[in-house]
Amino acid sequence: MKINLDDTTTEKRFNIEGPCDPERHYMVPALERLRIARDIAIRGDYFLIHAPSQSGKSTFSEQIVNEINKTNDFHAIYCSLEPLNEFSDVNDGLSIIIDIINNEIECSHYLSSFGIERQKSGSLISGIRLALHNIAKAIDRKLIVFFDDVDCIHDEILITFLSQIRVGFNYRRKLMFPWSIAYIGLSSLHSYKVRLNAKCEDPETASPFNIIAESFRLESFDERQVELLYKQHTDATGQKFTPDAMKCAFYWSNGQPWLVNALAHQVVENDLRLDYSKVITAEHFNEAVHAILGRNDPHIGYLFEVLEDPRVERVVDPMLCGENYVSDSFFDDLTYCLDIGLLSKNASGDICPSNPIYCEAIVWTLSFDIQADLPETIVYKWMDEENFDISSLLKEFQKFWYVHIKTCKKHYSYKQSVQQLSLLGFIQGVIIDAAELKYELALGSFRVGVCVIYEGTAYPIEIRQANTTSMPDALEQLSRYIDRCGAYEGWLVVFDRSKSRSRDEKITWRVEFLPNGKTVNVVGC
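Since the structure is predicted, the reported quantities are computational estimates derived from the model, not experimental observations.

**A word on helix α16 (residues 356–366)**
The periodicity of an α-helix, 3.6 residues per turn, causes residues three or four places apart in sequence to face the same way.
Right, on to step 1. Along α16, nine of the eleven residues are buried, which leaves the element largely enclosed by surrounding structure.
Right, on to step 2. Within α16 the residues assigned to the buried category are Pro356, Ile357, Tyr358, Cys359, Glu360, Ala361, Ile362, Val363 and Leu366.
Right, on to step 3. Its side-chain oxygen placed 3.1 Å from the backbone nitrogen of Ile357, Asn355 serves as the N-cap of α16.

And the structure:
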């Protein structure tokens, strides 16, 4: 069945533009993601929910509000604080928050039935507290408020806003203030405390966050939830996903909600043009990844921008060369990178990019200039219909590095990982989209791995700094990497930073034969 693109029916779609609408978009039910948010609100706690950008926080919050409003004892309202992004003046900001609360009263059939008067913004010192007090006092149910987009509030406004709520907190047991309040934003509770404590003039003043009972992270989809989302499309249209396609989508996205939707949106609407008779395969998703990265959607563009943030650079730079990050600001910098979703902890507890798409975006962005400067004559040069001559490619890189080492070191702001970025950029620039690249990046691993997959054959490459570990240990680790990639041969590229050896002495090549019969090409640079 092929659908006419001009058809104006309201069939559901995979959403990549703002909050989801249950009548227009496929959705993972909120209770599937974080059921405890509803339960803890009904219990009467004040709490925080945080998640990276484009993780479905607003959609989730609105769904939980709807779930709570199905009960007879509670009424929940949803207030987006996004408009405050444009305001830095405290009085202006507080006035906007009061207006947002007033608008919720007017738009709610339930609240408006009680004749609650609009709170005037004249008394800004207590206006927000009074607005919430008036609603809680008037209605015949316990009031629960979800304040979304808390990150949009400038620090001075946020301190006053939270302080007013803290003053009203003690009244909630008498039904004269919200029974529960949820704050929704990007940052963890630790990050907010670090920000606001630095702004508070009086160190003896109680933290505006001291009434928050718990802080929850809204996690990405798990594999079952990805399948649940995609099954909604199959049930609605009959279009099927192969089991390998489901696994492939989860591999590339690691369940990141926007990416899960973006991959399916790219395949269903852009690549297959709504032809539901075609079965969606893993290859469709592999191709969709390149389209999403190349299109530079706002979500991907945001990742490119944050790489310029010094907090991100201080973490990502050592990660790109596998080194440990030791700094006075380590915990705060790392927390920020985790909060924005760029990095995460894998199953082994290692810090690495949150998913393979982000990983490829990081490498592509930071090595873009290298790729742009490569002569067109080397693109696809070492590939034929069946094989990829990785050894010849790396020998060409040795020549490139010999000539351009000073230029590369001077160019990159990421000084620690300039060698790794140069090689990864060279590889990406040579193969473009002719092969699949699977990276292994992690803080403290002392190596970077990239497996080139071409026509079904895997070519594992490890990159190391000389003297970070012994050669026997490096060969043993590469041997395990070769096994994971299902290959018989590997390449170990070793960058020598020492000043005692000349460039000619550093450019070497030798072959090692491992006890398990695997072959390793040791490439000196």
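**Observations regarding the packing of helix α9 (residues 223–237) against helix α11 (residues 257–271)**
Right, on to step 1. Direction vectors running N to C along α9 and α11 enclose 30°, while the axes themselves pass 11 Å from each other. The orientation of α9 with respect to α11, classified from their angle, is roughly parallel. At the point where α9 passes α11, the crossing takes the right-handed sense. Together, Val226, Leu229, Tyr230 and His233 of α9 and Val260, Asn261, Leu263, Ala264 and Val268 of α11 make up the contact between the two elements.

**Looking at the sheet that holds strand β1 (residues 46–50)**
Right, on to step 1. Pairing in this open sheet of five strands is parallel, and the strands run β2-β3-β4-β1-β5 from one edge to the other. Single-partner strands in this sheet number two, and they are β2 (74–80) and β5 (212–217). Averaged over all pairs of adjacent strands, the angle between strand axes in this sheet comes to 15°, irrespective of strand direction.
Right, on to step 2. As paired elements, β1 and strand β4 (residues 180–185) share four bridges and run parallel to each other. From the neighbouring strand, His50 faces β4, where its bridge partner is Gly185.
Right, on to step 3. Seen against the sheet, helix α3 (residues 57–68) touches β1, β2, β3 (142–148) and β4 and runs at an angle of roughly 160° to β2.

**With respect to the sheet that holds strand β12 (residues 508–513)**
As a general point, the strands of a sheet are linked pairwise by backbone hydrogen bonds and lie either parallel or antiparallel.
Right, on to step 1. The six strands are arranged β8-β9-β10-β11-β13-β12 in an open sheet whose pairing can be described as mixed. What marks the edges here is a single partner per strand, and that holds for β8 (436–440) and β12. Strand-to-strand twist across the sheet, computed as the mean angle between neighbouring axes with direction ignored, equals 20°.
Right, on to step 2. When β12 meets strand β13 (residues 519–524), the two strands line up antiparallel, connected through six bridges. By the bridge assignment for β13, Val511 is matched with Asn521.
Right, on to step 3. Against the sheet, helix α19 (residues 418–431) touches β8, β9 (448–454), β10 (457–465) and β11 (489–495), its axis set at about 160° to β10.

**A closer look at a negative patch on the surface**
Right, on to step 1. A cluster of acidic residues, Asp384, Glu385, Glu386, Asp389 and Glu455, forms a negative patch on the protein surface.
Right, on to step 2. Structurally, the position occupied by Asp389 is in the loop between α17 (368–373) and α18 (390–411).
Right, on to step 3. Among the residues examined, Asp389 registers a relative accessible area of 35% and is labelled partly exposed.

**Quick look at the pairing of β11**
Right, on to step 1. Across the seven residues of β11, six count as buried, placing the element largely inside the fold.
Right, on to step 2. Inspection of the sheet shows β10 paired to β11 by five bridges, in the parallel sense. Note that in β11 the partner of Arg464 across the bridge is Val494.
Right, on to step 3. The parallel pair β10 and β11 is bridged by helix α20 (residues 471–485), and the resulting crossover is right-handed.

**What to know about the nonpolar core**
Right, on to step 1. Of all hydrophobic cores here, the largest spans 99 residues; its most connected members are Tyr230, Leu263, Phe285, Val312, Val316, Leu342 and Phe388.
Right, on to step 2. Discounting residues that sit within four places of it in the chain, Val316 has contacts with Leu342, Leu343, Ile362, Leu366 and Tyr414.

Reading the values: the criteria
- Numbering of residues starts from 1 in each chain and follows the order in which that chain's sequence is written.
- Where totals are concerned, whole chains, interfaces and linings use all residues; where local detail is concerned, this predicted model gives features only for residues with pLDDT of at least 70, and gives and counts side-chain atom pairs only at 80 or more.
- Calculation of side-chain values draws on the structure's entire complement of heavy atoms; hydrogens and water are dropped beforehand.
- We call a residue buried when its accessible area falls under 20% of the maximum for its residue type, exposed when it is over 50%, and partly exposed in between, using a 1.4 Å probe and counting protein chains only.
- Strands are runs of DSSP state E lasting at least two residues, helices are runs of H or I lasting at least four, and both sets are numbered from the N terminus onward.
- By the criterion applied in these results, polar contacts are pairs of N or O atoms within 3.5 Å in which, for protein atoms, one can donate a hydrogen and the other can accept it, and in which residues neighboring in sequence qualify only through two side-chain atoms.
- An axis is simply a line fitted to the C-alpha atoms; with a helix, the fit covers only the stretch in contact. Between two such axes, the angle follows the N-to-C directions and lies from 0 to 180 degrees.
- For classification purposes, an angle smaller than 35 degrees is called roughly parallel, one larger than 145 roughly antiparallel, one from 65 to 115 roughly perpendicular, and anything else oblique.
- The crossing is said to be left-handed when, going from far helix to near helix, the turn is anticlockwise and less than a right angle, and right-handed when the turn is clockwise.
- Whether two residues touch is decided by their heavy atoms; if any such pair falls within 4.5 Å, the residues are in contact.
- At least two bridges found by DSSP between two strands are what make those strands a pair.
- Note on patches: the residues involved have over 30% relative accessible area and no salt bridge, like charges join within 9 Å, and the nonpolar side chains Val, Leu, Ile, Met, Phe, Trp and Tyr join within 5 Å.
- Note on areas: Shrake-Rupley, 1.4 Å probe, and residue coverage restricted to the protein chains presented here.
- The rule for a salt bridge is simple: a side-chain nitrogen of Lys or Arg has to be within 4 Å of a carboxyl oxygen of Asp or Glu.
- Counted charges follow a simple rule, with Lys and Arg positive, Asp and Glu negative, and His plus the chain ends left uncounted.
- All charge positions are set by atom: Lys at NZ, Arg at CZ, Asp at CG, Glu at CD.
- Handedness of a crossover: with both strands directed away from the viewer, a clockwise path from the first strand across the helix to the second marks it as right-handed.
- Grouping buried Ala, Val, Leu, Ile, Met, Phe, Trp, Tyr and Cys residues that are joined through side-chain atoms within 4.5 Å yields what is termed a nonpolar core.

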